[in-house]
Each structure stands twice: as C-alpha cells, then as structure tokens.
Amino acid sequence: MTATEGPQIGRNEKCPCGSGRKYKQCCLGKDEENARKARAKEAEKAAGEAEKARKAAEKSGEKSEEKEQAAPATAPTRTPKPQTHQPWKKSATNTHAFQRMTTPRKVGGS
C-alpha cells in the first residue's frame, strides 16, 4: 500500500474542499475512484513490463525450470474452512439446548 499525499482525512471530518459537508458525503467517493484508477494503471504497467520480460526471455531461448517441470495446470486446492460449533444452525449435531418449546409461554389467564 502506498502512502497518500498530505495528512489522512477522517471520514466524519469536514471536507478539505471547503463545502462544509462531511468528507464521506462530499469528496470521499471521488478520491477513492481516483486512487482506484491509479492502482489500475500501476497494475497494467507492471503487467506490461512482466510481459515484455517474458517475451524477451522466450526470444533469447531461455526457458525457466518451472516451465520445464510444470505439472498440468490445475486450480490450487484450498484448505478447508475451520469447523465451528454453531448450535443454532439446523445442520448442527447438538441442538438439545435450542429446541423450540412445545407449550405456549403464557398459559391461561385473561
């Protein structure tokens, strides 16, 4: 993550543009969009440089060891999510403490 220019502005502080509105209601969206575009440009530039380097390596006849020993391209396997005990879910095994009451709470009376 890169450092932004100037001091950080809080979302609920007054906007530095002088409108008198909160920053989150005035210029936050514009600033985030500009930052998003700048990051996209940097990513495109880095991808372009990597592509040029790859093409130069192919031209010179160099092959990396990874390409020679590459296994078939498959999606990497994900580690399973940790199992948590959530008794309020229907699929939980221990739901004895959370059963619905069969009798109404208010009995008789007027």
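Residues numbered from 1 in each chain as written. Predicted model: local features only at pLDDT ≥ 70, side-chain atom pairs only at ≥ 80, totals over all residues. Heavy atoms only, no water.

A.B. asks: Can you help me understand the overall build of the protein chain in this one?
C.D. replies: Each helix and strand counted, the protein chain has three helices and zero strands in total. Counting the 110 residues in the protein chain, one finds 6% classified as buried. If you take every contact in the protein chain between residues at least 6 apart in sequence, the share linking residues at least 24 apart comes to 0%. (Helix = DSSP H or I, 4+ residues; strand = E, 2+ residues; numbered from the N terminus. Buried < 20%, exposed > 50% of the residue type's maximum accessible area, 1.4 Å probe, protein only. Contact = heavy atoms within 4.5 Å.)

A.B. asks: What's the story with the pattern of salt bridges in this structure? I'm lost.
C.D. replies: Charged atoms that come close allow side chains of opposite charge to pair. The full count for this structure, using the stated rule, is three salt bridges. Taking the shortest distance from any N to any O, the salt bridge between Glu51 and Arg54 comes out at 2.4 Å. Remark: Arg54 and Glu51 occur in helix 2 (residues 28–59); sequence separation between them is three residues, near one turn of the helix. Judged by relative accessible area, which is 35%, Arg54 ranks as partly exposed. Note that Arg54 and Glu58 form a salt bridge whose closest N and O atoms lie 2.4 Å from each other. Here Glu58 and Arg54 lie together in helix 2, a separation of four residues that amounts to about one turn. Classification of Glu58 by relative accessible area gives partly exposed; the value is 42%. (Salt bridge = Lys/Arg side-chain N within 4 Å of Asp/Glu carboxyl O.)

A.B. asks: Mind showing me how you'd approach the nonpolar core here?
C.D. replies: Listed in full, the five residues of the largest apolar core are Cys15, Tyr23, Cys26, Cys27 and Leu28. Ignoring any residue separated from it by four or fewer positions in sequence, one finds Cys26 in contact with Cys15, Cys17, Ser19 and Arg21. (Core = buried A, V, L, I, M, F, W, Y, C linked by side-chain atoms within 4.5 Å.)

A.B. asks: Please explain the confidence of the model for the protein chain as it appears in this structure.
C.D. replies: Predicted coordinates in regions of low pLDDT should not be interpreted in detail. Averaged over all residues, the pLDDT of the protein chain equals 76, while 62% of them reach at least 70. Confidence, read as mean pLDDT per element, is least for helix 3 (residues 65–68) in the protein chain (48) and greatest for helix 1 (residues 23–26) (91). (pLDDT = per-residue confidence, 0-100.)

A.B. asks: Can you walk me through the state of the cysteines in this structure?
C.D. replies: Here a disulfide denotes one covalent bond, and it connects the sulfur atoms of two cysteines. On inspection of all chains with the given rule, the structure shows zero disulfides. In this model Cys15 remains outside any disulfide bridge; the closest cysteine sulfur is found in Cys17, 3.4 Å from its own. The cysteine Cys26 is free of any disulfide, with Cys27 supplying the nearest cysteine sulfur at 3.5 Å. (Disulfide = S-S within 2.5 Å.)

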